[in-house]
Amino acid sequence: MSTPLDESRPVAQGPEIPGLLEAFWAYETALMADDLATLDDLFAPGPDTLRGDAGGLLRGHEAISTFRGARGGAPRRRIVALDVRALGEEHAAVVATTELLRGGRGLQTQVWRRGEDGWKVAVAHVAVAAPALDRRIWRVVGDPLVPSTRPAGAGPGPLAGERVAVKDVLAVQGQRVGGGSPSLLAGSRPEPRHAAAVQALLDAGAEVTGIAATDELAYSLAGTSTHYGTPPNPRAPHRISGGSTSGPATAVSLGHASIGLGTDTGGSIRVPAAYQGLWGLRPTHGAVSREGVLPLAPSFDAVGLLTRTPSLLARAAATLLPDHGQVLTDPVLRTVPGLEQQLDAEIARALEASLRRWSEMTPVEPVAPLGTEELERWAEAFSVLQAREAWVAHGPWVRAHREALAPDVGARLDRAAALTAADEDSARVERARAVEAIHARLADGVLVVPATSSVAPLLHEAAAGGPVLEAQRARTLRLTCLAGLAGLPAVAVPLSADPQGVGERLPTALTLVGPPGSDLDLIRLAAHLEGEPA
């Protein structure tokens, strides 16, 4: 049998173990042919089989098989060195040095186990050279891309040394705005100046590391970019990153940047914060300048932040927000019965556990409940108004480029094109009712609202526009629209959930929603509740 890419095989270094190398080369041949049946047969059955790579660890034969079936084949490669070590009578390690045809070398380490049906892979780890630029995360990157603009004699500044990932809807001087769309990028011109929020962070001593990915036109909550690929989620491997501030969230989660600067219209800061275990701020609507920002729906759009700590979130927010905001004095945390109906069980458990902890530090009380029917009306009003404004902002461009749009975004814009002035009028009436009801429940306290309805969906379930994502998006929007409709600030507080009840913790978040102008106090309150400095 010949190797898939080379007639010669390296001589294996180590002991001769009957049947092992035959099984190894059968595996390699099947891998290069994307022969899923043979690959499944050569991996040990059962829940204890492991496969890891830079994207994370897969546990169990079923999860590994699902991953292989969804990825579309492995990169083409040849084996250039092979080492074998015996690990007792029934186990052996095989380490293959690989050379990718696209360039670069890697390692594949496998532990094989011999049973009645021959040798099977029990544990595998794959390592390849990291790309110089991961297009799933970054459109443009530098070291830095833009240095701080703080004057040399003005001192280091409150954000000295911090690195910013800028969502690809905010202007960076000399760069184009792409909005997550290759077609939009192709027609864009270099920006003459920085967006106001970018300039504020640069003036505070931060530098811009790069321009990071967004869902197309920022019109999604998933991060599943059809054009550039889904940014990885290092806190929940093999799950989606959350959008539309997907690139900045991943950059912060990976440590490529310390601050993610993005926008939140229907949850685009809060959702990736929840999926990736980050602190996030959707500020009071209009409190942060939107100058130099590609619009989606201006009456909802807000420029916001993502960080790994509340202290940095507070420092970054202080550079963007007005000096004087509303002060929260002994706020009461208000829960909304009925919201738990929108949640998967693990999110409901995380909500309950957090409220038990927080009630030891500040009063917690329920307010008037909200039923699913009422939340559906509010979310529909939000969606109609968002769509109408999106069509005003992008309709002519969409008509000229409809075939280039991602399926999910294109479907939303098709709906936007079909909406009427009467639809908008009805939605505005419903919005007014919703705002009155939200403020009545808020009063002088703080609403506790789950950031999402579930943990991040698995990648193989998350086809753009597919039923899993659309159902999850609908439930999540019933939660995120509360702050959006009323223009209220919301701070995402990272927590963890255990979907299987077996101790595997995945990121999630609750949001604290406060009165207009209480942004900085909300961050301090959230940090206090979690025992963190702010």
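What counts and how
Residues numbered from 1 in each chain as written. Predicted model: local features only at pLDDT ≥ 70, side-chain atom pairs only at ≥ 80, totals over all residues. Heavy atoms only, no water. Helix = DSSP H or I, 4+ residues; strand = E, 2+ residues; numbered from the N terminus. Rg over C-alpha atoms; globule rule 2.2 N^0.38 Å. Buried < 20%, exposed > 50% of the residue type's maximum accessible area, 1.4 Å probe, protein only. Lys, Arg positive; Asp, Glu negative; His and termini not counted. Salt bridge = Lys/Arg side-chain N within 4 Å of Asp/Glu carboxyl O. Polar contact = N/O pair within 3.5 Å; in protein donor to acceptor, adjacent residues only side chain to side chain. Arc of directions from axis to C-beta. Contact = heavy atoms within 4.5 Å. Pairing = 2+ DSSP bridges. Axes fitted to C-alpha atoms, helices over the stretch in contact; angles between N-to-C directions. Core = buried A, V, L, I, M, F, W, Y, C linked by side-chain atoms within 4.5 Å. Parallel < 35°, antiparallel > 145°, perpendicular 65-115°, else oblique. Left-handed = near helix turned anticlockwise from the far one by under 90°. Nonpolar A, V, L, I, M, F, W, Y, C, P; charged D, E, K, R; others polar.

1. Concerning the overall build of the protein chain
Point 1. The helix and strand inventory of the protein chain stands at 14 helices and 17 strands.
Point 2. Relative to the globule expectation of 24 Å for 534 residues, the C-alpha radius of gyration of the protein chain, 25 Å, shows essentially globular dimensions.
Point 3. With the C-alpha coordinates of the protein chain rotated into their principal frame, the extents come out at 75 × 55 × 50 Å.
Point 4. Out of the 534 residues belonging to the protein chain, those deemed buried represent 53%.

2. Side note on the side chain of E216
Point 1. Within the secondary structure, E216 sits in the loop between β9 (207-212) and α6 (246-254).
Point 2. Of the side chains with opposite charge, R402 comes closest to the buried, unpaired E216, at an N-O distance of 7.7 Å.
Point 3. Polar side-chain contacts of E216 include one of 2.8 Å to the backbone nitrogen of A406.

3. Description of helix α5 (residues 196-203)
Point 1. By the burial criterion, the buried members of α5 are A197, V198, L201 and L202. Down the axis, α5 shows its buried residues gathered within 135° of arc, on one side only.
Point 2. Tucked inside the fold, the buried residues of α5 contact β7 (138-146), β8 (163-167), β9, β10 (259-264), β12 (302-307) and α8 (310-320).
Point 3. G205 sits one or two residues past α5 and shows a positive phi near 110°.

4. A word on the sheet that holds β9
Point 1. The strand order across the open sheet built from eleven strands is β7-β9-β8-β10-β12-β11-β16-β17-β15-β13-β14, with neighbouring strands paired in mixed fashion. This sheet does not close on itself; its edge strands, each paired only once, are β7 and β14 (364-366). For this sheet, the mean inter-axis angle between neighbouring strands, taken without regard to orientation, is 25°.
Point 2. Note: strand β16 (residues 490-497) against strand β17 (residues 506-513), eight bridges, orientation antiparallel. Residue A492 lies in a different strand from β17, and its bridge partner there is T511.

5. Description of the nonpolar core
Point 1. Ranked by size, the top nonpolar core spans 101 residues in total, and within it L170, L261, W378 and L512 carry the most contacts.
Point 2. Looking at this core element by element, the count peaks at twelve residues for helix α10 (residues 372-401).
Point 3. Among the nonpolar cores identified, the runner-up in size contains 25 residues, and L39, I64, A92 and W119 belong to it.

6. Considerations on the packing of α10 against helix α12 (residues 421-442)
Point 1. For the pair α10 and α12, interaxial distance at closest approach is 8 Å and the crossing angle is 130°. Relative to α12, the element α10 is oriented oblique. Seen from above, α10 lies across α12 with left-handed handedness. Contact with α10, carried on its side by R377, W378, A381, V384, L385 and R388, involves A421, D423, E424, A427, R428, E430, R431, A434, A437 and I438 of α12 and no other residues of that element.
Point 2. Its residues placed into classes, the contact of α10 with α12 shows nine nonpolar, no polar and seven charged.

7. Side note on the pairing of strand β11 (residues 279-282)
Point 1. On β11, burial covers both faces: W279 and L281 on one face and G280 and R282 on the other are all buried.
Point 2. As judged from the three bridges shared by β11 and β12, these two strands associate in the antiparallel manner. Looking at β12, one finds that G280 is bridged to L306.
Point 3. In terms of strand pairing, β11 meets β16 through three bridges, oriented antiparallel. Across the sheet, G280 pairs through a bridge with A492, a residue of β16.

8. Focus on the environment of G242
Point 1. One can find G242 in the loop between β9 and α6.
Point 2. What makes G242 buried here is its relative accessible area of 0%.
Point 3. The spacing of G242 and A456 is 214 residues in sequence and 7.3 Å in space, taken between C-alpha atoms.
Point 4. With residues up to four places along the chain from it excluded, the contact list for G242 reads L221, A222, G223, V271, P272 and Y275.

So, to be careful, I would describe these as geometric facts and stop short of saying anything about function.
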